[in-house]
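So the chains spell out like this:
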Amino acid sequence: MRSQSSSCVCAHAVLLGAALFLGAASQSAHDSLPQLDVQCWSPSYPQRVLCTWKVQPEPDLPTSYTATYRKGLLGVQIPCEVNPERPRSCVMENLEMFSVEPYFVNVTATNALGSTTRLLPFILEKIVKPDPPVDIKVTLRSSRRLTVEWAPPPSWTDPTLFQLKYQVQYSDGGVRAPRTLGPFESTKVVLRGLRPHSQYSIRVLAQDILDHGEPSDWSPAITAFTT
């Protein structure tokens, strides 16, 4: 069993190394063409993965983009559906959870000068990143307490089966550093020991309950007052 496991790890290391080499080689062969910077993340694990790409420098010529993905370097290529409203992004759906093999997304930019390609490997669980929580509401409970409530991000399609946990950060805008509470599995928390007659800035973030990937960005801050 140990030798099989070591062989498996070595094989994946070779695959990832080959992918990085191929991606670098395909770009260096077209130094006169724009370079692609590709990023992928899953805001609705495990249903969808979004990929976006930036082009440096911005091409002067009309440029088209195609994107495909596959499981493993030798897997069947599947179109990554480009969003017509955001031509530099695409969506992958129904990827395999806990896959031993990495997925590879391949983005190609083409114009009159030729084409350049970026090959990016990823493991689904390592690119989980929810969107920020929404519908944040604050209720005054007393001169020293505020109740904060929120809802899971709508893009996280099944928060019952694939649960999220949350952190809440608040500050009074004074000399004290912001305080962060959590993580909480509930969507409600009471802030206690606050200063009366004070203004507070409050924001919330979400993260996969099993710590896959990384937390969301902080939600836009809202302002609340104690009496």
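As the structure is a prediction and not an experimental result, all values here were calculated from the model.

Q: Quick question: what am I supposed to make of the sheet that holds strand S4 (residues 78-79) here?
A: Whenever strands of a sheet pair, they do so through backbone hydrogen bonds, lying parallel or antiparallel. Taken in spatial order, the four strands of this open sheet run S4-S3-S7-S8, and their pairing is antiparallel. Each edge of the sheet is formed by a strand with only one pairing partner; in this case those strands are S4 and strand S8 (114-122). In this structure, strand S3 (residues 64-71) lies alongside strand S7 (residues 103-111), joined through eight bridges in antiparallel fashion. Along S7, the bridge assignment pairs Lys-71 with Tyr-103.

Q: I would appreciate a short explanation of a positive patch on the surface in the present structure.
A: A cluster of basic residues, Arg-141, Arg-145, Lys-188 and Arg-192, forms a positive patch on the protein surface. If you trace the backbone, Arg-192 turns up in the loop between strand S13 (188-191) and strand S14 (199-208).

Q: Can you walk me through the state of the cysteines in this structure?
A: Think of a disulfide as a covalent bridge from one cysteine sulfur atom to another cysteine sulfur atom. Under the criterion given, the structure shown has two disulfides. Here Cys-40 is linked by a disulfide to Cys-51, with a sulfur-sulfur distance of 2.0 Å. Across the disulfide from Cys-40 to Cys-51, rotation about the S-S bond amounts to roughly 110°, and the bridge is consequently right-handed. Placement of the pair is Cys-40 in strand S1 (residues 35-44) and Cys-51 in strand S2 (residues 48-56), with a sequence separation of eleven residues. On the accessibility criterion, Cys-40 (12% relative accessible area) is buried. Using a relative accessible area of 0% as the deciding quantity, one classes Cys-51 as buried. For the chain, the bonded cysteines pair up as 1-2, 3-4 when numbered in the order they occur along the sequence.

Q: How do you make sense of the environment of Ala-67 when you look at a structure like this?
A: Along the chain, the position of Ala-67 falls in strand S3. According to the relative accessible area criterion, Ala-67 is buried, its value standing at 6%. Separated by 23 residues in sequence, Ala-67 and Cys-90 place their C-alpha atoms 7.3 Å apart. Once residues within four sequence positions are removed from consideration, Ala-67 is found in contact with Trp-53, Ile-78, Pro-79, Cys-80, Cys-90, Asn-106 and Val-107.

Q: How should the sheet that holds strand S9 (residues 134-142) be read in this particular structure?
A: Strand order in this open sheet of three strands is S9-S10-S13, and the pairing throughout is antiparallel. The sheet terminates laterally at S9 and S13, the two strands that pair on one side only. Each strand axis lies, on average, 20° off the axis of its neighbour in the sheet, ignoring direction. Note: strand S10 (residues 145-151) against S13, four bridges, orientation antiparallel. Residue pairing across strands places Val-148 opposite Val-189, the latter belonging to S13.

The rules we used
- Residues numbered from 1 in each chain as written.
- Predicted model: local features only at pLDDT ≥ 70, side-chain atom pairs only at ≥ 80, totals over all residues.
- Heavy atoms only, no water.
- Pairing = 2+ DSSP bridges.
- Helix = DSSP H or I, 4+ residues; strand = E, 2+ residues; numbered from the N terminus.
- Patch = residues over 30% accessible without salt bridge, like charges linked within 9 Å, V, L, I, M, F, W, Y side chains within 5 Å.
- Areas by Shrake-Rupley, 256 points an atom, 1.4 Å probe, with all protein chains shown as cover.
- Salt bridge = Lys/Arg side-chain N within 4 Å of Asp/Glu carboxyl O.
- Lys, Arg positive; Asp, Glu negative; His and termini not counted.
- Charge placed at Lys NZ, Arg CZ, Asp CG, Glu CD.
- Disulfide = S-S within 2.5 Å.
- Buried < 20%, exposed > 50% of the residue type's maximum accessible area, 1.4 Å probe, protein only.
- Contact = heavy atoms within 4.5 Å.
- Axes fitted to C-alpha atoms, helices over the stretch in contact; angles between N-to-C directions.

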